[in-house]
Protein chains: 2
Amino acid sequence: MQKKRVTLADVARLAGLSTTAASMILTGRPDTRLSADAHAKVHAAAASLGYRPNVAARALRTDKSRSIAFISDYVATTRFASGLIRGALAAAEEAKHVMLVLETGGEPARETQAVEAALDRQVDGLIFAAMRAREVFVPDLPINVPTIMLNGTSARFPVSVLPDEYRGGRRAVELLRDAGITEGVALLGHNADSEAGLFRSETIARRFAGIRDAMIANGMRFVAELSCWNWEPAHGYDLTRKLLRTKRPKALLCLNDRLAFGAYQALGEAGITVPEDIALVSFDNDELASYLRPGLTTIGLPHEEMGRKAVELMLGGIGAAQLVEMPVIERGSLPRR
Amino acid sequence: MQKKRVTLADVARLAGLSTTAASMILTGRPDTRLSADAHAKVHAAAASLGYRPNVAARALRTDKSRSIAFISDYVATTRFASGLIRGALAAAEEAKHVMLVLETGGEPARETQAVEAALDRQVDGLIFAAMRAREVFVPDLPINVPTIMLNGTSARFPVSVLPDEYRGGRRAVELLRDAGITEGVALLGHNADSEAGLFRSETIARRFAGIRDAMIANGMRFVAELSCWNWEPAHGYDLTRKLLRTKRPKALLCLNDRLAFGAYQALGEAGITVPEDIALVSFDNDELASYLRPGLTTIGLPHEEMGRKAVELMLGGIGAAQLVEMPVIERGSLPRR
DNA sequence: GGCATTTGCTAAATGCTTTTAGCAGGAGGA
DNA sequence: TCCTCCTGCTAAAAGCATTTAGCAAATGCC
């Protein structure tokens with residue numbers, strides 16, 4: 001025999017007041033004229049009965065559910081996703097909200113279903129998260145709750161939270177410069193000429209812009225720019241081997257940590273030591289970066305902070321788009337000065 | 001001006017029937033005596049108005065919300081978590097449920113809050129997921145919904161979904177044997193003697209048992225057993241260097257992929273080639289394993305399938321505890337026969 | 001003292017669905 | 001013909017909280 005749920009009416013009865021009074025007191029209405037005595041009695045009754053409001057009933061009346069929906073294309077295909085989720089989760093918890101997580105695989109049909117499922121449940125807001133940052137498909141449904149884009153953009157919902165890739169790109173070059181390396185730098189993963197007209201994503205484009213501007217500002221030029229479309233370890237390995245056949249750069253600027261990982265492998269095989277012979281800087285702060293020896297110095301993607309910021313923005317009634325700073329994580333792949 | 005929500009009453013009115021009829025038809029009650037004509041009219045009306053039931057109202061009445069709670073200690077601290085979530089998410093979506101994700105950090109207070117938050121929202125079931133599989137703290141609250149343990153156990157809720165570590169342990173040894181390696185095998189990460197009385201976790205204990213039994217069954221003995229408490233790349237590196245100072249094994253059985261990763265580094269530095277000089281087998285199927293060269297052969301943790309199974313069990317009205325088979329992922333770290 | 005406020009509280013409506021109980025009319029059996 | 005049983009459908013209650021409108025008593029003011 002499971003004891004029945006205790007309702008507001010039970011609390012009111014025990015306190016000797018009306019449910020109206022109990023409701024007003026427990027929801028903490030500001031302008032009510034109920035006595036201090038009434039407040040005390042209701043709180044005592046609620047506590048002694050272990051009263052928990054029925055969220056469904058409340059949602060029915062108020063259209064608020066203290067829950068938010070996190071709709072992402074891929075939740076775990078890239079290990080970064082979890083950073084976004086974790087940050088969002090933490091912020092939601094602090095605000096006493098719960099988070100619905102929905103995955104769409106980027107498919108419009110599932111996207112539509114996800115939004116409907118979320119809206120059906122009276123969520124207080126929507127977060128559209130993208131794993132590869134670009135224009136995100138948002139179903140053409142009437143959405144009447146605050147919505148923000150996370151690691152992606154949408155013409156319909158202009159407020160988005162993105163990493164500050166431009167500054168990140170600059171920082172990478174400055175790291176090299178500060179380590180005393182102003183020439184003999186090769187770029188791994190991109191070639192401006194061969195990729196002209198091709199578009200990876202908005203944020204990556206900004207990363208390139210930052211790199212380019214910082215190179216110019218510091219009077220530097222790449223000694224080589226090697227392009228590959230996917231940034232996996234195997235590609236970093238191949239590119240590096242190819243590079244070493246003709247050149248012996250002083251540093252590698254890798255466009256992500258997986259490329260850098262492949263580069264380490266090729267360098268190791270060639271008997272080249274990091275950072276003495278060749279230094280490396282990279283992007284993402286993948287878990288990998290800390291496993292390498294020496295540790296890889298990298299410009300991190302601040303996913304956790306981004307997830308947190310998205311929820312805060314949403315709950316705080318939106319605001320302006322946000323660029324979140326990319327942290328530099330210094331390990332051992334650059335020479336100390 | 002946002003158009004008001006379409007309610008069941010609207011549908012009924014348009015169909016020229018009562019809300020009772022509309023409700024019964026739309027929820028697909030089996031034993032109702034409504035005419036085929038009525039069915040057609042209601043469905044047509046619902047479709048033309050784009051009716052979506054109000055989940056809160058329904059939950060209020062039925063105590064069912066078509067949502068489940070996924071309560072985990074850490075959602076992303078280990079990259080495996082996301083596999084569990086993804087599998088669970090996929091199964092939930094197929095069953096037209098949504099999933100609340102809650103993180104507790106393993107702290108009892110947050111755990112309690114998470115359960116309360118979930119129960120408040122009338123979830124149809126609870127999944128307690130643990131990242132390091134062991135006895136999970138479950139708050140002492142009345143829980144009146146199906147509950148299952150994922151990658152962990154609880155005395156209170158006996159049905160759990162776990163990897164079949166015993167068989168996985170056996171398979172690892174058999175892999176070595178099948179590759180023709182029956183002697184000169186070193187175990188990396190555990191030493192039965194020095195760790196006697198210490199307890200890692202239930203599942204890891206089973207993994208050891210499987211390994212031990214298979215070794216005996218095949219008349220094999222470890223040439224060395226090196227213990228370390230944390231299984232990170234740096235430890236694998238250190239252990240392997242230490243090992244190589246005195247011995248030159250034919251194979252390394254690593255207790256996880258991160259240890260194996262460290263071993264690769266040490267082996268590479270020592271100019272030892274995999275798998276010709278030394279072969280490796282490992283556990284987890286971490287993303288890392290595919291990055292290594294040659295690729296690491298490993299016994300995978302079937303997290304995605306486990307997550308899926310947990311939801312299916314929960315929605316299917318529970319059943320018996322499940323052991324999920326650990327897949328063998330063959331890459332290049334064992335010699336071909 | 002007489003009137004307008006203020007204070008402290010409550011009855012009842014509302015949100016939307018599911019479900020119980022039951023009604024009216026027709027068919028079938030005796 | 002009368003009674004029972006189906007058939008096809010509906011009125012109304014229930015589920016639980018919030019909120020509007022408003023009542024009775026106490027207070028303030030002149």
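Chemist: Explain the protein's contact with DNA strand C to me, and be specific about the residues and the numbers.
Modeler: Near DNA strand C there are 26 residues, and of these Thr20 and Ser35 of chain A together with Leu8, Tyr51 and Arg61 of chain B occur at the shortest range. Of all atoms in DNA strand C that approach within 4 Å of the protein, 53% are sugar or phosphate atoms. Contact distances for DNA strand C include 2.7 Å between a phosphate oxygen and a backbone N or O atom of serine 35 of chain A. Between DNA strand C and the protein, one listed contact pairs a base oxygen with a side-chain N or O atom of arginine 61 of chain A at 3.0 Å. For the surface near DNA strand C, the elements supplying multiple residues, two or more each, are helix H2 (19-26) and helix H4 (55-62) of chain A together with helix H2 (19-26) and helix H4 (55-62) of chain B. Taken together, the residues of the surface near DNA strand C break down into 11 nonpolar, 9 polar and 6 charged.

Chemist: Account for the interface of chain B and chain A, naming residues and giving values.
Modeler: Each side of the interface is counted separately: chain B has 50 residues, and chain A has 51 residues. Between chain B and chain A the total buried area reaches about 4,300 Å² when both faces are included, carbon and sulfur atoms providing 53% of it. Linking chain B with chain A are 7 salt bridges. For aspartate 120 of chain A, the salt bridge is made with arginine 5 of chain B, and the minimal N-O distance between the two is 4.0 Å. The interface formed by chain B and chain A contains 18 residue pairs in polar contact (both at pLDDT 80 or more). Listing elements by their share of the side of chain B that touches chain A, those giving two or more residues are H4, helix H5 (81-94), strand S2 (98-103), helix H6 (108-120), helix H9 (233-246), helix H10 (257-269) and helix H11 (288-291) of chain B.

Chemist: Explain unusual backbone geometry residue by residue, including any values.
Modeler: Note that the residue after valine 274 of chain A, namely proline 275 of chain A, is joined by a cis bond; omega there is 0°. Checked against the element boundaries, proline 275 of chain A lands in the loop between helix H10 (257-269) and strand S9 (279-284). With a phi close to 55°, glutamine 122 of chain B is a non-glycine residue in the positive phi region. With respect to the helices, strands and loops of the structure, glutamine 122 of chain B is situated in the loop between H6 and strand S3 (126-129). Residue classification places glutamine 122 of chain B among the buried positions, given a relative accessible area of 6%. Phi angles above zero are rare outside glycine, and asparagine 151 of chain B is one such case at about 60°. Within the fold, asparagine 151 of chain B resides in the loop between strand S4 (147-150) and strand S5 (160-163). Judged by relative accessible area, which is 5%, asparagine 151 of chain B ranks as buried.

So, how was this worked out
Residues numbered from 1 in each chain as written. Chains lettered and ligands numbered in written order. Predicted model: local features only at pLDDT ≥ 70, side-chain atom pairs only at ≥ 80, totals over all residues. Heavy atoms only, no water. Near = heavy atom within 4 Å. Polar contact = N/O pair within 3.5 Å; in protein donor to acceptor, adjacent residues only side chain to side chain. Helix = DSSP H or I, 4+ residues; strand = E, 2+ residues; numbered from the N terminus. Nonpolar A, V, L, I, M, F, W, Y, C, P; charged D, E, K, R; others polar. Contact = heavy atoms within 4.5 Å. Buried area = accessible area lost by both parts, 1.4 Å probe. Salt bridge = Lys/Arg side-chain N within 4 Å of Asp/Glu carboxyl O. Buried < 20%, exposed > 50% of the residue type's maximum accessible area, 1.4 Å probe, protein only.

Function-wise, these values are silent; they only describe arrangement.
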